[in-house]
Amino acid sequence: MNPLRDHMPALVRHAGLWEGTYRTVDSAGVEIDRHASRIEVSFPDDGPHAYVQRNCFTWPDGRVVEAEYPGVYRDGRLWWDTGLISGHAWQGDDRTCILTWERTDAPGAHLYELIVLAPDGLSRARTWHWFRDGHCFQRTLIDETKVA
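Reading the values: the criteria
Residues numbered from 1 in each chain as written. Predicted model: local features only at pLDDT ≥ 70, side-chain atom pairs only at ≥ 80, totals over all residues. Heavy atoms only, no water. Helix = DSSP H or I, 4+ residues; strand = E, 2+ residues; numbered from the N terminus. Rg over C-alpha atoms; globule rule 2.2 N^0.38 Å. Buried < 20%, exposed > 50% of the residue type's maximum accessible area, 1.4 Å probe, protein only. Contact = heavy atoms within 4.5 Å. Areas by Shrake-Rupley, 256 points an atom, 1.4 Å probe, with all protein chains shown as cover. Lys, Arg positive; Asp, Glu negative; His and termini not counted. Charge placed at Lys NZ, Arg CZ, Asp CG, Glu CD. Polar contact = N/O pair within 3.5 Å; in protein donor to acceptor, adjacent residues only side chain to side chain. Pairing = 2+ DSSP bridges.

### Describing the overall build of the protein
Summing up its helical and strand segments, the protein has two helices and ten strands in all. In the protein, the order of α-helices and β-strands from amino to carboxyl end is α-α-β-β-β-β-β-β-β-β-β-β. Relative to the 2.2 N^0.38 estimate, which gives 15 Å for 148 residues, the radius of gyration of the protein is 15 Å and therefore close to what a compact globule would have. Along the first, second and third principal axes, the C-alpha atoms of the protein reach 45 × 35 × 30 Å. Put simply, the protein has 148 residues, and 39% of those count as buried. Considering only intrachain contacts with a sequence separation of at least 6, the fraction spanning at least 24 residues in the protein is 36%. For the protein, the exposed area adds up to about 7,800 Å²; of that, 53% sits on carbon and sulfur atoms. If the 16 positive side-chain charges of the protein are averaged to one point and the 22 negative ones to another, these points end up 2 Å apart.

Listed below in structure tokens is the structure:
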């Protein structure tokens, strides 16, 4: 059985398919990026990964980026090290998860993410706070609805 079911039940409630919008704003609140998202989250009971996330992002100009982010459970946290992202997540309370991570395509940046699941489990709000040199230089605001 997947250890996250016992140790991070708030995160397991995110299983399924989510669609939404990612909006990134600079420190002045000016939008610098917007794209659609389709995120599939699963928690395999077998195999090396306790968590698998598959992303498909689509921009208005037709550009599409797809990626997969498998994670492992250890030391009470979910850990990623995929080549693009490295970091970990933990459960805050029964509706929140907190992440801290870095991206290889954003040298010197460190991200903090908060995920808040609606009480009915059918929508969620996520925020990424991007820090560099001790200052928050942008935020990504994510609104998603569970579609399956």
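### Quick word on the environment of W79
The residue W79 is located in strand β5 (residues 77-81) in this model. Of the residues examined, W79 reaches a relative accessible area of 24% and is grouped as partly exposed. On a C-alpha basis, the gap between W79 and H49 in space is 9.9 Å, while along the polypeptide they are 30 residues apart. For W79, the side chain forms a polar contact with the main-chain oxygen of R74, separated by 3.0 Å.

### What about the pairing of strand β1 (residues 16-26)?
Sheet topology places β1 next to strand β2 (residues 31-42); ten bridges connect them, and they run antiparallel. Residue pairing for β2: E19 is matched across the bridge by R38. Following β1, the chain reverses through four residues before pairing antiparallel with β2; G29 in that reversal takes a positive phi of roughly 85°. The sheet contact formed by β1 and strand β10 (residues 135-146) spans nine bridges and is antiparallel. Within β10, the residue paired with E19 across the bridge is T145.

### Digging into the side chain of T96
Among the structural elements, T96 can be located in strand β7 (residues 96-103). Only 3.0 Å separates the side chain of T96 from the side chain of D93, close enough to count as a polar contact. Beyond its immediate stretch of four places on either side in the chain, T96 contacts A10, Q91, L114, I115 and V116.

These figures capture arrangement, not role.
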